[in-house]
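Reading the structure
Each chain, letter by letter, is given below.
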Amino acid sequence: MNLTEITENKIAIVVGFWGAYNGCDKQALGSDWLELSSFKTWSEIEQELKKQGFMLTGTDKELFIQDIDGFPSNCTN
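Now for a look at the structure at hand. All figures in this text were calculated on a predicted structure; none of them were measured in a lab. (Residues numbered from 1 in each chain as written. Predicted model: local features only at pLDDT ≥ 70, side-chain atom pairs only at ≥ 80, totals over all residues. Heavy atoms only, no water.)

Quick word on the pairing of strand 1 (residues 12–17)
In terms of burial, strand 1 is a largely internal element, six of the six residues being buried. Covered by surrounding structure in strand 1 are Ala12, Val14 and Gly16 together with Ile13, Val15 and Phe17, the residues of both alternating faces. With two bridges joining them, strand 1 and strand 2 (residues 34–35) adopt antiparallel strand pairing. Paired with Ile13 across the strands is Leu34, a residue of strand 2. As paired strands, strand 1 and strand 3 (residues 63–69) are joined by six bridges and run antiparallel to one another. Within the sheet, the bridge partner assigned to Ile13 lies in strand 3 and is Ile68. (Buried < 20%, exposed > 50% of the residue type's maximum accessible area, 1.4 Å probe, protein only. Helix = DSSP H or I, 4+ residues; strand = E, 2+ residues; numbered from the N terminus. Pairing = 2+ DSSP bridges.)

Okay, structure coming up:
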């Protein structure tokens, strides 16, 4: 799968933060949905996460994909 196919499929993710998740704080459910086609670089995603109140340091620096939507079914086993 190439980048064009990914953006055409409108894949969206929720980024989770291990510190928030383990601490059950107000951000335990992760970020808002991020439509990947809206971003060209990881830096743009980082900027959006910071706008949402995540510091990306300390307990917010360990990230994981918490949810995903729009992933093409032919890309999974």
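Some details on the sheet that holds strand 1
In spatial order, the strands read 2-1-3; together these three strands make up an open sheet with antiparallel pairing. The open sheet has two edge strands, strand 2 and strand 3, and neither has a second partner.

Points about a nonpolar patch on the surface
A surface patch of nonpolar side chains, about 280 Å² in accessible area, is lined by Ile65, Ile68 and Phe71. Inspection of the secondary structure assignment puts Ile68 in strand 3. With relative accessibility at 40%, the residue Ile68 sits in the partly exposed group. (Patch = residues over 30% accessible without salt bridge, like charges linked within 9 Å, V, L, I, M, F, W, Y side chains within 5 Å. Areas by Shrake-Rupley, 256 points an atom, 1.4 Å probe, with all protein chains shown as cover. Salt bridge = Lys/Arg side-chain N within 4 Å of Asp/Glu carboxyl O.)

Observations concerning the nonpolar core
Residues Ile13, Val15, Phe17, Ala20, Leu34, Phe39, Ile45, Leu49, Phe54 and Leu56 constitute the largest nonpolar core, which totals 10 residues. Breaking this core down by element, the ones donating at least two residues are strand 1 and helix 3 (42–51). With three residues, the single largest contributor to this core is strand 1. Apart from residues lying up to four places away in sequence, Ile45 is in contact with Leu34, Leu36 and Phe39. (Core = buried A, V, L, I, M, F, W, Y, C linked by side-chain atoms within 4.5 Å. Contact = heavy atoms within 4.5 Å.)

Things to note about the packing of aromatic side chains
Taken as a whole and assessed by the stated rule, the structure comprises one aromatic pair. Aromatic pair Phe17 and Phe54: ring centres 3.8 Å apart, planes at 15 degrees, arrangement stacked. In this pair, Phe17 sits in strand 1 while Phe54 sits in the loop between helix 3 and strand 3, placing the two residues 37 residues apart along the sequence. Using a relative accessible area of 1% as the deciding quantity, one classes Phe17 as buried. Phe54 gets classed as buried once you look at its relative accessible area, which sits at 2%. (Phe/Tyr/Trp six-rings, centres within 6.5 Å; stacked < 30°, edge-to-face > 60°.)

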